[in-house]
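Residue-level structure breakdown
Chain by chain, the residues run as shown.
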Amino acid sequence: MSENHAAPSTVGQLSAHGDESAPEFYHPPEELVNNSNIMAYAREKGFADVEALRQWSVENYQEFWADMATRMVDWYQPFTTVLDESAAPFYQWFNDGSINIVHNALDRQVKTWRKNKVALIWESEQGDNKTFTYWQLYKRVNKFANVLKAMGVKNGDRVTIYLPRIPEIMIAMLACAKIGAMHSVVYGGFSVEALQTRIQDAQSRVLITADGGFLNGKIVELKKITDEAIKHSPVVETVIVVKRTGHDVPMEQGRDIWYHELMALPIASPKCETEPVGAEHPLYMLYTSGTTGTPKGLVHTHGGYQVGVATTMHFTFDIKEDDVWWCAADPGWVTGHSYIVYGPLILGATQVMYEGAPTFPYPNRWWNIVERYGVTVFYTAPTAIRGLMRFGEAWPSRHDLSSLRLLGSVGEPINPEAWRWYHRVVGKNNCPIMDTWWQTETGAFMITPNPTTPLKPGSGTRPFLGIDAAVVNEQGEPAGDDEDGLLVIKKPWPAMLRTVYNNPDRYIEQYWTKIPNLYTAGDSARQDDDGYFWVIGRIDDVIKVSGYRLGTAEVESALVSHHDVAEAAAIGLPHEVKGNAIHTFVILKNGVEASEDLADELIAHVGKMMGPIAKPEAINFVTSLPKTRSGKIMRRVLKSRALGLPEGDLSTLEA
Ligand code: WTA
């Protein structure tokens, strides 16, 4: 079971098992293994191999995380308590320490030679680009933090950020954190209803948006969507608008102010002290779809979160001083929060951010970026790989991708076919793929290979250092080899969510009651006889569409908000590129005729309310929906029917 670091470099080749049915291992290049950050740490700690280090770190997780909290980040006031379990499951990490994530992301960097290092290379599909050194980013963040203060934003306030993938989204998030305010970022691909419910729940008085963003050569009308959302969210007093597209947008006197005008005022001084906060001070909330009802604002804190993010990025993606990191996610999702905005800066890395579609204007756009900036570590989602695979190998093959040394995948299980293509065509059989399983809730990677791990396509391999993951049955007992079960985490970890904003009961109910005292992730998984984890998928009403996390309840409520719809149910069905696609079942109001035009109208309506990513693939008009006796829609039955599978236990089905 142990990882054999002496294994010969058989990169991209199958292990010589001589047996067709033997598991397929891809061994990492020896040089990568020997020079890896994780190997250096294992050696320092006196372990023969990384697997021995990992086992020690799980058993001694508090000691391990305390070591990381000391090495990876700086504290104003060091912590003396590692983990406080007195109010479990409301765990607290390093809670008597004083820190601020921006101190580690920016302030400490500009005191070293990294001051003049490039922090961010930004490029848009429109062809424009900008580069920021750590110093330049630091100054911008200071200025904007002062602007926020002048707008009355205080420690503990929530600021909603609804921006495209432009440097200002980073600046805005960091500026909030710097002054101890919480950011609540709403993904720029969401629309009116999604934005409105999130503003309402967070009670943000200040909102930051842009006149628009670019995607596939078209303008996304962020300001217009904001105006519409604010009509129903009167709590917003100030809207700061970044000029991105330059097209005309209405500005409301007394409420809307241009970002560039504010940044030119004397209030926007480039000097701003970072506010020391307690380790458990909330850093942000990020809304995510759960089993029922409205999205939950998951809360992350300043201390533990940054320790988790920096540690995982250091060991999994092996970030070194001369790397060029590119996470192709959107900062509006947790992947972007952890591995665009915070992780790379804390490690002092150089990174690329790209605004736009991977295929604009041609399907070589990403490979062209890798080549031009010499990207060394690249992180994306299986859906993007599958989408680009369709255009064939010729597109990546036209580019010199030899700068790459590690690849990553996140968001959903990666099918082995996509894995092999990514490995062979993009990584030239030379770049191990870090298939990272984690969640908005977990803040940082939980199950993931590291550069020394022999890989199996489609498996996230083993838990990260200090993470105690397991697969259990409904009773909480360990599942057998290759037996499907629930994916759980048995010990707390620093980057874990702390609560659901304004709803601590929901935190307990959602994550800690299914199996008492274990964190249940909401995923099913199995572990093979090598101890490798294989995540199967969600077991709740969350649908992963192109890696984006959507709740059936949100899609259903968007449908029901249409005047012709009486009732609706949404399920996810497999889709070749998107992983899952949303299929819906709609009962129309009395007297309304079903038609193709109406189906199209409903799809467009969901797009308008929720955002293009939530658009259903299909609308099925039905006259009834399978329900439990207590009136809950049985989506499981709809799904089985659609897939032609047995319908399972129907004992609770309404007569
Ligand atoms: C799924 C994204 C398999 C899983 C970081 C999880 C994955 C949900 C993987 C969280 C992976 C994420 N392999 N499944 N490597 N990564 N998932 O909150 O179902 O948007 O529970 O966080 O994505 O989605 P979220």
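Our structure's up above, just so we're on the same page.
Residues numbered from 1 in each chain as written. Predicted model: local features only at pLDDT ≥ 70, side-chain atom pairs only at ≥ 80, totals over all residues. Heavy atoms only, no water.

**A closer look at the packing of helix H8 (residues 192–202) against helix H19 (residues 596–610)**
Put simply, the rule reads: Axis definition: a line fitted to C-alpha atoms, limited for helices to the stretch in contact. Angles are taken between N-to-C directions and run from 0 to 180 degrees. Secondary structure counts use DSSP, requiring at least four H or I residues in a row for a helix and at least two E residues in a row for a strand, with both numbered from the N terminus. The contact criterion used throughout is that any non-hydrogen atoms of two residues lie within 4.5 Å. Lys, Arg, Asp and Glu make up the charged group, whereas Ala, Val, Leu, Ile, Met, Phe, Trp, Tyr, Cys and Pro make up the nonpolar group; the residues left over, Gly among them, are polar.
The geometry of H8 relative to H19 is characterised by a closest axis approach of 4 Å and an angle of 35 degrees between their N-to-C directions. Counted together, Val192, Glu193 and Ala194 of H8 and Lys608, Met609 and Met610 of H19 form the full contact between these two elements. Residues that form the contact of H8 with H19 fall into these classes: 4 nonpolar, no polar and 2 charged.

**Points about helix H11 (residues 302–316)**
Cut-off, in case you're wondering: What a helix should span is 1.5 Å times the count of its residues minus one. To sort residues, take the accessible area from a 1.4 Å probe on protein chains only and compare it with the maximum for the residue type: under 20% means buried, over 50% means exposed, and anything in between is partly exposed.
Taking 1.5 Å per residue, 15 residues should reach 21 Å; H11 reaches 21 Å between its end C-alpha atoms and fits that length. Here H11 lies mainly inside the structure; 14 of its 15 residues are buried. Immediately downstream of H11, the backbone of aspartate 318 shows phi near 55 degrees, a positive value.

**Describing the sheet that holds strand S5 (residues 129–133)**
Applied cut-off: Should DSSP find at least two bridges between two strands, the strands are taken to pair.
Read from one edge of the open sheet, 7 strands run S5-S4-S17-S16-S18-S19-S20, paired in mixed fashion. Whereas interior strands pair on both sides, the edge strands pair on one side only; in this sheet they are S5 and strand S20 (433–435). Within this sheet the neighbouring strands show an average axis-to-axis angle of 15 degrees, counted without direction. As paired strands, strand S4 (residues 118–124) and strand S17 (residues 350–355) are joined by 5 bridges and run parallel to one another.

**Section: unusual backbone geometry**
In this chain, alanine 88 is followed by proline 89 through a cis amide linkage whose omega measures 5 degrees. Here proline 89 is to be found in the loop between strand S1 (83–84) and strand S2 (92–93). One non-glycine residue with positive phi stands out, namely phenylalanine 94, at about 55 degrees. Within the secondary structure, phenylalanine 94 is located in the loop between S2 and strand S3 (98–99). Of note in the backbone geometry, glutamine 203 takes a positive phi value of approximately 55 degrees without being a glycine. Here glutamine 203 falls in the partly exposed class, since its relative accessible area comes to 37%.

**Section: the sheet that holds strand S21 (residues 469–472)**
In space, the 4 strands of this open sheet follow the order S21-S22-S24-S25, with antiparallel pairing throughout. The two strands at the open ends of the sheet, each matched to only one other strand, are S21 and strand S25 (533–538). Between one strand and the next, the sheet's axes are offset by a mean angle of 45 degrees, whatever the strand orientation. Pairing analysis gives 4 bridges linking S21 to strand S22 (residues 485–489), with the strands arranged antiparallel. By the bridge assignment for S22, alanine 470 is matched with valine 488.

**Looking at the packing of aromatic side chains**
Worth spelling out the cut-off: Each Phe, Tyr or Trp ring, with Trp reduced to its six-membered ring, pairs with another whose centre is within 6.5 Å; inter-plane angles below 30 degrees give stacked pairs, above 60 give edge-to-face pairs, and intermediate values give tilted ones.
Per the stated rule, a full pass over the model turns up 44 aromatic pairs. Residues tryptophan 326 and tryptophan 366 carry aromatic rings whose centres are separated by 5.7 Å and whose planes lie at 70 degrees to one another, so their mutual orientation is edge-to-face. One end of the pair, tryptophan 326, is in strand S16 (residues 324–327); the other, tryptophan 366, is in helix H13 (residues 365–373), with 40 residues separating them in the sequence. Under the relative-accessibility criterion, tryptophan 326 is labelled buried at 0%. Assessed through its relative accessible area of 5%, tryptophan 366 is described here as buried.

**Some thoughts on the site of the ligand**
Spelled out, the test is: Proximity is defined per residue: any heavy atom of the residue falling within 4 Å of a molecule or strand makes that residue near it. Any N or O atom pair separated by 3.5 Å or less is treated as a polar contact, with the protein-specific requirement of one donor-capable and one acceptor-capable atom, and with residues adjacent in sequence counted only for side-chain atom pairs. Using a 1.4 Å probe, accessible areas were evaluated by the Shrake-Rupley method; residue-level cover was limited to the displayed protein chains.
Among the 17 residues in the neighbourhood of the ligand, the closest are listed as Asp435, Thr440, Asp523, Lys544 and Arg549. Between the ligand and the protein, one listed contact pairs a nitrogen atom with a backbone N or O atom of proline 413 at 3.5 Å. Taking threonine 440, its side chain carries an N or O atom lying 2.5 Å from an oxygen atom of the ligand. Calculation on the ligand without its partners gives an accessible area of 530 Å², and the protein chains cover 96% of this total. For the shell around the ligand, the secondary structure elements donating two or more residues are helix H12 (334–346) and S25. Residue classes in the shell around the ligand are distributed as 6 nonpolar, 5 polar and 6 charged.

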